[in-house]
Amino acid sequence: MKQLSRARSFSRFYSLKVAPKVKATSAPAEVPLQPQDLEFTKLPNGLVIASLENYAPATRIGLFIKAGSRYEYSNNFGTSHLLHLASSLTTKGVSSFKITRGIEAVGGKLSVTSTRNMVYTAECLRDDIEILMEFLLSVATAAEFCHWEVAALQPQLRIDKAVAFQNPQAHIIENLQAAAYRNALANSLYCPDYGIGKVTPDELHHYVQNHFTSARMVLIGLGVSHPVLKQIAERSLNMQGGPGLYGAKARYQGGKIQNRMETSLVHAVFVAESAAAGSAEANAFIVLQHVLGARPHVKRGGNATSPLYQAVAKGIHQPFDISAFNASYSDSGLFGIYTISQAAAAGDVIKAAYNQVKAITEGNLSGTDVQPTKNKLKARYLMSVESSKGFLDEVGSQALVAGSCATNHSLQQIDSVADVDVISAAKKFISGQKSMAASGNLGHTPYVDEL
């Protein structure tokens, strides 16, 4: 007790002491950080590496792979969906427990997105990049697919799909893809009900071996120097070389899928084939989309000032929502109109929107409409790549298609779109073979040939 009392007394006594003065020293001059450009390297095995050093304390890495649902065939539908869920399973030499604890120990984050392509993303402090990259590359390229772990994932496939389809828009877009295309892009992002429990570990291994090859991958880094990212990739990224299995070119066919149900609202989207991403024609469709009225940039905002909305509002006095729809892929694209309306007014809303696009084909478009739209489009694009996620998605998607990316080039492409290009895009939509997907009480919803 005496020793403890002495210790406490000493600590109180010490706290009353005046701290000795320390001679101030001038701080070392900081080395100015030079802005860096986006750097690209293509390795001999075909792997594309891109990075931008922004000197941020956190690093974000993305591995983009041409291995999504569009590369599936009738004998392996749902494989990419199961691969998405299998990202937390045991890999060669690393258990799922070690992966989880290892990522948590460095305060990192690992996520997987599966759409038409697959994207593995990792975030961490820049000093821990090598640790997290080891887990990222292990998850992406060295999964074991133990049969008991794969079997445990099967029920999650059904839950994943059910949760996604709680959003009617997600279900509509899935149906639209199936109606518009005959193959590739027609494949669902989700495993079909009949495929649940039938995708085996051997099929997963076969899919990875034939699609997770170096020539089908792009490694993107933000907040990391290019030599460091390249060195890690060359040392740790072990995968088969070559282009892998050939992916079929998407074939547009046109069609309609209806999902009749007793609801007060009707969701409907009607489109025609547009153009492949990166082409001059695709840029014209993007401008046309924003001329007509795209989704609002402000969260929970409206687009009541858009030409589409105003054209429909003239004759419709019930609540509705409407916007131009545009989707571009590496070998095709879709352009059209998405409407949400009361069941009784569905036909009037769709026809009014269609007539508004038709008016553009007749020359009801001026430079005063197009130039402000292009300015807004450029601002929206620049704001989207300000975030690390938006930047990674933009660079990765462009690099998968073209092998390179430049934001300045994207802005120049927008500026190069002329009024006549926008009119030509509208004419292609009007004259093109239509596809349509709709859900709800469809008694007043027109068929495609009635437009």
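Residues numbered from 1 in each chain as written. Predicted model: local features only at pLDDT ≥ 70, side-chain atom pairs only at ≥ 80, totals over all residues. Heavy atoms only, no water.

Overview of the sheet that holds strand S5 (residues 118-125)
The strand order across the open sheet formed by 6 strands is S1-S2-S6-S3-S5-S4, and the pairing between neighbours is mixed. Each of the sheet's edge strands pairs with one partner strand only, and the pair in question is strand S1 (39-42) and strand S4 (109-114). Here the average twist between neighbouring strands, direction ignored, is 15 degrees. (Pairing = 2+ DSSP bridges. Helix = DSSP H or I, 4+ residues; strand = E, 2+ residues; numbered from the N terminus. Axes fitted to C-alpha atoms, helices over the stretch in contact; angles between N-to-C directions.)

Here we look at the pairing of S4
Inspection of the sheet shows S4 paired to S5 by 6 bridges, in the antiparallel sense. What sits directly across from Leu 110, in S5, is Ala 122. Hairpin remark: S4 followed by S5, antiparallel, with 3 residues in the connecting loop.

Focus on the nonpolar core
Tyr 120, Met 133 and Phe 212 are the most contacted members of the largest nonpolar core, which has 50 residues in total. A per-element tally of this core places helix H4 (residues 129-141) first, with 8 residues. When residues no more than four places from it in sequence are discounted, the contact partners of Met 133 are Ile 61, Leu 219, Leu 229 and Ile 232. Counting 42 residues, the second largest nonpolar core, distinct from the first, contains Ala 268, Val 312, Ile 337 and Leu 377. (Core = buried A, V, L, I, M, F, W, Y, C linked by side-chain atoms within 4.5 Å. Buried < 20%, exposed > 50% of the residue type's maximum accessible area, 1.4 Å probe, protein only. Contact = heavy atoms within 4.5 Å.)

Overview of the packing of aromatic side chains
Each aromatic ring pair is characterised by the separation of its centres together with the angle its planes make. Counted by the stated rule, this structure contains 9 aromatic pairs. Here Tyr 120 and Phe 212 contribute two aromatic rings whose centre-to-centre distance is 6.3 Å and whose plane-to-plane angle is 75 degrees, an arrangement assigned as edge-to-face. Highlighted residues: Tyr 120 in strand S5 and Phe 212 in the loop between helix H7 (201-211) and strand S6 (217-222), separated in sequence by 92 residues. Under the relative-accessibility criterion, Tyr 120 is labelled buried at 2%. The class for Phe 212 is buried, based on a relative accessible area of 3%. (Phe/Tyr/Trp six-rings, centres within 6.5 Å; stacked < 30°, edge-to-face > 60°.)

Regarding the pairing of strand S2 (residues 48-52)
Burial within S2 is extensive, with 5 of its 5 residues counted as buried. Alternating residues of S2 divide into Val 48, Ala 50 and Leu 52 and Ile 49 and Ser 51, and every residue in both groups is buried. As judged from the 4 bridges shared by S1 and S2, these two strands associate in the antiparallel manner. Following the sheet pairing, Lys 42 is matched in S2 by Val 48.

Concerning the environment of Tyr 73
Position of Tyr 73 relative to the elements: it lies in the loop between strand S3 (58-65) and helix H2 (79-85). Its relative accessible area of 40% is what places Tyr 73 among the partly exposed residues. The spatial distance from the C-alpha of Tyr 73 to the C-alpha of Ala 184 is 7.9 Å, given a sequence separation of 111 residues. Once residues lying within four places of it in the same chain are set aside, the contact partners of Tyr 73 are Tyr 246, Gly 247 and Ala 248.

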